[in-house]
Amino acid sequence: VYFPAGVTVGPMYVVPQALFMKVFGFGFWQYRLWPLLGYAMLLALLFYLAIWLGGKISLFTFAAILWIRPDIFMNYAFEAYSEHIALFFVLLSSLLLYKSLNFEDRRNRLLLAGMIFGASILTKNLSFIFLPGLLIQLLPTKLFSFKGWIITIRNIISFLMGAFFPISIYVLYAYAYMTMHFGKIGFFAVVEALIS
């Protein structure tokens, strides 16, 4: 079992990659199917963001950069491990979080955005550094409004509950697997090694 730490890939990379290898076998392209799919999803999201935020000029500029300088991006298509997949999850979470603010009842949408952000942390621990930027989106527009701060605190709790849900599920799985094979001492030895 893998316990996410350091600069390695996490279970949101390992599990889909393992499923692709189980279904399609082992070979050059089978090892690269999940990174290629993640890269395609990231490009689709970036094209959507380009046209949504900047219009057609932004979309054509982004497409021109991809066409003129593919060497900048192509390494991420099939040689990178999980950086672009984690970035896809972070951007999708940010987009869902922003769009959820337009709804009166946004708790379920915030939970979903949080779960996707939790998936990004399980893909690459480094994506945890995006958390303050995501939470800034939830700050109230009227800083001195008590009701605004109550709503903000509820929104932040909903988002964080969503973010910790997939992480909690994975930690419970790791705990169950390690204690079954190595006892509680094995699990706590891994946790102690991660902390130190």
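Up top is the structure these notes are about.
Residues numbered from 1 in each chain as written. Predicted model: local features only at pLDDT ≥ 70, side-chain atom pairs only at ≥ 80, totals over all residues. Heavy atoms only, no water.

Visitor: How would you explain the packing of helix α5 (residues 107-123) against helix α7 (residues 146-195) if you had to name every residue and give the values?
Guide: At their nearest, the axes of α5 and α7 sit 7 Å apart, and the two run at 40° to each other. Of the possible angle classes, the one that applies to α5 and α7 is oblique. With respect to the hand of their crossing, α5 and α7 are arranged in right-handed fashion. Residues Arg-107, Leu-110, Leu-111, Ala-113, Gly-114, Met-115, Phe-117, Gly-118, Ala-119, Ile-121 and Leu-122 of α5 touch α7, and the partners they reach there are Asn-155, Ser-158, Phe-159, Met-161, Gly-162, Ala-163, Phe-165, Pro-166, Ile-167 and Tyr-170. Its residues assigned to classes, the contact of α5 with α7 comprises 15 nonpolar, five polar and one charged. (Axes fitted to C-alpha atoms, helices over the stretch in contact; angles between N-to-C directions. Helix = DSSP H or I, 4+ residues; strand = E, 2+ residues; numbered from the N terminus. Parallel < 35°, antiparallel > 145°, perpendicular 65-115°, else oblique. Left-handed = near helix turned anticlockwise from the far one by under 90°. Contact = heavy atoms within 4.5 Å. Nonpolar A, V, L, I, M, F, W, Y, C, P; charged D, E, K, R; others polar.)

Visitor: Any details on the pattern of salt bridges? Residues and values, ideally.
Guide: Per the counting criterion, the structure on display carries one salt bridge. Between Lys-124 and Glu-83 there is a salt bridge, with the nearest N and O atoms lying 3.5 Å from each other. Taken as a pair, Lys-124 in the loop between α5 and α6 (131-136) and Glu-83 in helix α4 (residues 83-100) lie far apart in primary sequence, 41 residues in all. (Salt bridge = Lys/Arg side-chain N within 4 Å of Asp/Glu carboxyl O.)

Visitor: Can you lay out the nonpolar core for me, pointing to particular residues and giving the numbers?
Guide: Ranked by size, the top nonpolar core spans 18 residues in total, and within it Leu-97, Phe-117, Leu-131, Leu-134, Leu-135, Leu-138 and Phe-159 carry the most contacts. The set of elements that each furnish at least two residues to this core consists of α4, α5, α6 and α7. Those residues in contact with Leu-131 that sit more than four places away from it in its chain are Phe-117, Phe-159 and Leu-160. (Core = buried A, V, L, I, M, F, W, Y, C linked by side-chain atoms within 4.5 Å. Buried < 20%, exposed > 50% of the residue type's maximum accessible area, 1.4 Å probe, protein only.)

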